[in-house]
Amino acid sequence: MAKVQLLDYAAGNIRSLVNAIEKLGWEVEWIESPSDVAKAEKLILPGVGHFGHCLSQFANAGYVEPVKAYIESGKPFMGICVGLQALFDGSDENTSVPGLGVIKGRLERFSDADKSVPHIGWNSANTSSTEDSSATDSIYGLGPDSKYYYVHSYAVPYRKGELEKDGWSVATARYGEEEFIGAVAKNNVLATQFHPEKSGAAGLRVLKAFLEGKSRQPLPSSTADALAKSGLTRRIIACLDVRTNDQGDLVVTKGDQYDVREKSDNAVRNLGKPVEKAQQYYEQGADEVTFLNITSFRETPLKDLPMLEVLRQTSATVFVPLTIGGGIRDTYDPATKRTVPALEVATLYFKSGADKVSIGSDAVTAAEQYYASNKTLTGKSAIETISEAYGAQAVVVSVDPKRVYVASQDSTTHHTISTAFPGPNGEQYCWYACTIKGGRETRDLDAVQLVTAVEAMGAGEILLNCIDKDGTNSGFDLELVRMVKAAVRIPVIASSGAGNADHFAEIFEQTNVDAALGAGMFHRGEWTVKQVKEQLRQQGLMVRSFEE
Ligand code: 1PR
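Named according to an unreviewed UniProt entry, the protein chain is Histidine biosynthesis bifunctional protein hisB originating from Vermiconidia calcicola.

In structure tokens:
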């Protein structure tokens, strides 16, 4: 089997990359010390998370000169995400750590004045503004209509002609008003800001072209979708609530306002097998898949091996981002009689193929402590430790809020909204109380307090559920989404209540939400992800098409 060398310098969760390479029929060999670098024949430099963290690890381990010499030797080299960033002169993310200086330019933070940061989702990498439009081939088969998965806060702004005059071929993407570098290539070097290993068939094609040394490839056939040409697409996420049923089988379930037991016989509602369902949604074009282990508060997650196995199996064939939630917190392990830090729990999941972890109950507790200590950051919470080690983009906070109606805004200190859907006694206002343990316990903390606290702690994204709406098929809670979107700069995923494609259109058209999630309507087979996307496309909303 042909081999490719991957540089292991503790640069985060790279299990997905290994899976993708193996899927393409290549074997991964690890470069474990600087002296191995010169022996490599085909080298990939991965990297996720923080530029300063990655580059200082890289430099401290003594890789700078060997990797520069390797690149100069002319042997094939690929950088991915921070692996692309490393090739530039430096990044505003950490000005004290230099890049390798192989390519001129610096990374700058996206402006969050008009959009969420990090930039998360499926965007273009096209050469239309950089190359001759009559070209019949493209760098490593990048398709002008294809979409690739990005997750980053810093990017190299594109300035026409600047890199081209040094001989680089450039593919760009656009986020809001900012055009930035999505991929660059010259001679033996290819670097992508996006993650090819998480970009479905389109990404695997690029990775394959690199592995096979095909730096120019015929342009993939056009989907003739003019709207898909540039910019971030509307992100549709399929969510699987997973738990063990009374027979001991791990099943996909779905509650009504978080109650997952059937009214008729009290059995746990069984809607299928987690790995099969995830595969099905991937093939329908889901942009991400989220697994929530909804009974993790009962057991120690270290014993929860079935979820790790679900991730291992899913990540071997599903090449879009995978999020796992449930039980990400400091955990007492009776087997070893020690408390296992949340970071270690998260690491188990990342090693099994998760790209992000989602934290629910523990985020509420951490936020309560944050306010009790006058907004002091301890650096010790699960959010902070995981964000520090794996980057903000790997930490999602799942919020499980419930409406609390009040007659007037003065009757509470919580963040209230005036609602178009009055309470049972005609109350015109409400606030959203955070809950823990899957909605079983309500806390005196509101959704705005929670999301602002976790943003300060380093969370990268909010998964915004709504207990009142969950399983109702009545549409998302637009009022809640608007309130939370106004409070934070990080991306927000709307969840709970989706029952048809119109609900997705509504949330995207009537709020500036970053992504939308559906569960029950997909599990019950009422709608496929593909059908939802087709309808959104017909309504003029840009979505990613599934590529074979
Ligand atoms: O608290 O860190 O251990 O995490 C537990 C996680 O499990 C949290 O993310 C919490 O939201 C989730 N969870 C716990 N209990 C339940 C339950 O349903 N009994 N599920 C639960 C939450 C909500 C959504 C659902 C949407 C869309 N599920 O994720 O998928 O509401 O549903 P719909 O489209 O059918 O309306 P921790």
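(A) Spatial organisation of the site of the ligand. Near the ligand there are 32 residues, and of these Gly 360, Ser 361, Ser 398, Gly 438 and Gly 520 occur at the shortest range. Elements with a contribution of two residues or more to the shell around the ligand: β15 (235-244), β21 (356-359) and α10 (361-372). Considered class by class, the residues forming the shell around the ligand number ten nonpolar, 17 polar and five charged.

(B) Highlighting the sheet that holds strand β4 (residues 77-80). Spatially, β2-β1-β3-β4-β13-β12-β11 is the arrangement adopted by the seven strands of the open sheet, whose pairing is mixed. Whereas interior strands pair on both sides, the edge strands pair on one side only; in this sheet they are β2 (27-31) and β11 (169-175). Ignoring strand direction, the axes of neighbouring strands in this sheet form an average angle of 25°. Here β4 runs beside strand β13 (residues 189-192); their pairing, made up of four bridges, is parallel. When the sheet's bridge partners are listed, Phe 77 is paired in β13 with Val 189.

(C) Fine view of the sheet that holds strand β6 (residues 106-109). Ordered by their spatial adjacency, three strands build an open sheet running β5-β6-β10, and the pairing between neighbours is mixed. With partners counted over all chains shown, the strands left at the sheet margins are β5 (90-91) and β10 (154-155), one partner each.

(D) Quick peek at the confidence of the model for the protein chain. Put simply, the protein chain has an average pLDDT of 93, and 96% of its residues get 70 or more. Note on residues 224-228: pLDDT is under 50 here. Beyond four places in sequence and across chains, it has eight contacts. Predicted complex metrics record ipTM = 0.98 and pTM = 0.96.

(E) Region of the structure containing helix α14 (residues 501-510). Of all the residues in α14, the buried ones are Ala 501, His 503, Phe 504, Ile 507 and Phe 508. Projected onto a plane normal to the axis of α14, the buried residues spread over an arc of 165° and lie on a single side. Each element contacted by the buried residues of α14 is listed here: β15, α13 (478-487), β28 (492-494), β29 (515-518) and α16 (529-538).

(F) Main features of helix α4 (residues 64-72). Buried within α4 we find Val 67, Tyr 70 and Ile 71. Within α4, the buried residues cover an arc of 95° as seen down the axis, which keeps them to one side. With respect to the buried face of α4, the exposed residues turned more than 90 degrees away are Glu 65, Ala 69 and Glu 72. Where α4 is buried, its residues touch α2 (34-37), β3 (43-45), β4 and β13. Directly after α4, the chain includes Gly 74, whose backbone phi takes a positive value near 90°.

(G) Here's a closer look at the packing of α10 against helix α12 (residues 447-457). Interaxial distance between α10 and α12 falls to 9 Å at its minimum, and their mutual angle equals 85°. By the angle class used here, α10 and α12 are roughly perpendicular. Contact residues: α10 offers Ala 363, Val 364, Ala 366, Ala 367, Tyr 370 and Tyr 371, while α12 offers Gln 449, Leu 450, Ala 453, Val 454 and Met 457. When grouped by side-chain class, the residues that make up the contact of α10 with α12 number ten nonpolar, one polar and no charged.

(H) Structural context of the domain arrangement of the protein chain. What the domain assignment reports for the protein chain is domain 1 (3-229) and domain 2 (235-538). Computed over C-alpha atoms only, the centres of domain 1 and domain 2 are separated by 30 Å. Taken together, the contacts link 23 residues of domain 1 with 24 residues of domain 2. The element contributing the most residues to the side of domain 1 that touches domain 2 is helix α1 (residues 15-23), with four residues. Of the residues contributing to the side of domain 1 that touches domain 2, the split by class is nine nonpolar, ten polar and four charged.

(I) Quick peek at the packing of helix α7 (residues 274-284) against helix α8 (residues 305-315). Following both chains from N to C, one finds α7 and α8 inclined at 35°, their axes separated by 9 Å at the closest point. In this structure, α7 meets α8 at a crossing whose hand is right-handed. For the pair α7 and α8, the contacting residues are Pro 274, Val 275 and Ala 278 in the first and Val 310, Gln 313 and Thr 314 in the second.

(J) Representation of the nonpolar core in the model. Among the nonpolar cores identified, the biggest contains 166 residues, and Val 357, Ile 383, Leu 450 and Ala 516 are the most heavily contacted of them. Sort the elements by how many residues they give to this core and α12 lands first, with seven residues. Viewed by domain, this core spans two of them, domain 1 (3-229) and domain 2 (235-538), each represented by three or more residues. Discounting residues that sit within four places of it in the chain, Ile 383 has contacts with Ile 359, Ala 363, Ala 366, Val 395, Val 397, Val 454, Met 457, Gly 458 and Ala 459.

(K) Representation of unusual backbone geometry in the model. With an omega dihedral of 5°, the bond running from Val 117 to Pro 118 counts as a cis peptide bond. The residue Tyr 258 is not glycine, and still its phi comes out positive at about 80°. Among the secondary structure elements, Tyr 258 is positioned in the loop between β16 (250-253) and α7. Take Tyr 258: there are 19 C-beta atoms within 10 Å of it, and that puts it in the partly exposed class. The phi torsion at Lys 375 lies on the positive side, around 60°, for a residue other than glycine.

Parameters at a glance
- Residues numbered from 1 in each chain as written.
- Predicted model: local features only at pLDDT ≥ 70, side-chain atom pairs only at ≥ 80, totals over all residues.
- Near = placed C-beta within 6 Å.
- Helix = DSSP H or I, 4+ residues; strand = E, 2+ residues; numbered from the N terminus.
- Nonpolar A, V, L, I, M, F, W, Y, C, P; charged D, E, K, R; others polar.
- Pairing = 2+ DSSP bridges.
- Axes fitted to C-alpha atoms, helices over the stretch in contact; angles between N-to-C directions.
- pLDDT = per-residue confidence, 0-100.
- Contact = placed C-beta atoms within 7 Å.
- Buried ≥ 20, exposed ≤ 12 C-beta atoms within 10 Å, placed from the backbone.
- Arc of directions from axis to C-beta.
- Parallel < 35°, antiparallel > 145°, perpendicular 65-115°, else oblique.
- Domains from an automatic or database assignment.
- Left-handed = near helix turned anticlockwise from the far one by under 90°.
- Core = buried A, V, L, I, M, F, W, Y, C linked by C-beta atoms within 7 Å.

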